[in-house]
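Chain by chain, the residues:
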Amino acid sequence: MNDTARLDTTQPATWVEAIRKAASLEGVTLSEFVGEACLDRAARVTGEKPKDLRKQLGERIRRGER
């Protein structure tokens, strides 16, 4: 982990580390992990399908680039 890594959150450091660990176990970046979680939650709230919401994302976001 880079000491200068930026994660804008008001969550406790232990929460952030738990999410980083989960992302690592899935073999994805932290950004991709959080993005997928947000997409899944948005789909659940709106009643849309995650795959349909994913199609609305820009190419850069879909590829998980910064």
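Just so we're clear, the structure is a prediction, and the values are computed from it rather than from any experiment.

Cut-offs applied
- Residue positions are given per chain, counting from 1 as you read along its sequence in written order.
- Totals for whole chains, interfaces and linings use every residue, but because this is a predicted model, local features are given only for residues with pLDDT of at least 70 and side-chain atom pairs only at 80 or more, for both listing and counting.
- With hydrogens and water stripped out, all remaining heavy atoms of the structure feed into the side-chain values.
- Counting from the N terminus, the helices are the DSSP runs of H or I reaching at least four residues and the strands are the DSSP runs of E reaching at least two.
- Helix span, expected: 1.5 Å multiplied by one less than the number of residues in the helix.
- Relative accessibility decides the category of a residue: with a 1.4 Å probe and only protein chains considered, values under 20% of the type maximum give buried, values over 50% give exposed, and everything between is partly exposed.
- The directions considered for the arc are those from the helix axis to the C-beta atoms.
- In what follows, a contact means two residues having at least one pair of non-hydrogen atoms within 4.5 Å.
- Convention adopted: a line fitted to C-alpha atoms gives each axis, helices being fitted over their contacting stretch, and angles between N-to-C directions are expressed from 0 to 180 degrees.
- Angles below 35 degrees are treated as roughly parallel, those above 145 as roughly antiparallel, those between 65 and 115 as roughly perpendicular, and all remaining angles as oblique.
- Nonpolar residues are Ala, Val, Leu, Ile, Met, Phe, Trp, Tyr, Cys and Pro. Charged residues are Asp, Glu, Lys and Arg, and all others, Gly as well, are polar.

## Some details on helix H1 (residues 13-26)
Moving on, step 1. For H1, built from 14 residues, the straight-helix expectation of 20 Å at 1.5 Å per residue is met to within 8% by its first-to-last C-alpha distance of 20 Å.
Moving on, step 2. All of the buried residues along H1 are Val16, Ile19 and Ala23. All buried residues of H1 lie within an arc of 65 degrees about the axis, which places them on one face of the element. Residues of H1 that are exposed and point more than 90 degrees away from the buried face comprise Thr14, Lys21, Ser24 and Leu25.
Moving on, step 3. On its buried face, H1 is in contact with helix H2 (30-46).
Moving on, step 4. One or two positions beyond H1, positive phi appears at glycine 27, with a value near 75 degrees.

## Section: the packing of H1 against H2
Moving on, step 1. Running from amino to carboxyl end, H1 crosses H2 at an angle of 100 degrees, the nearest separation of the two axes being 9 Å. When the axes of H1 and H2 are compared, the pair comes out roughly perpendicular. Note on element contacts: H2 touches H1 through Leu30, Phe33 and Val34, opposite Ile19, Arg20, Ala22, Ala23 and Glu26.
Moving on, step 2. Counted by class, the contact of H1 with H2 contains six nonpolar, no polar and two charged residues.

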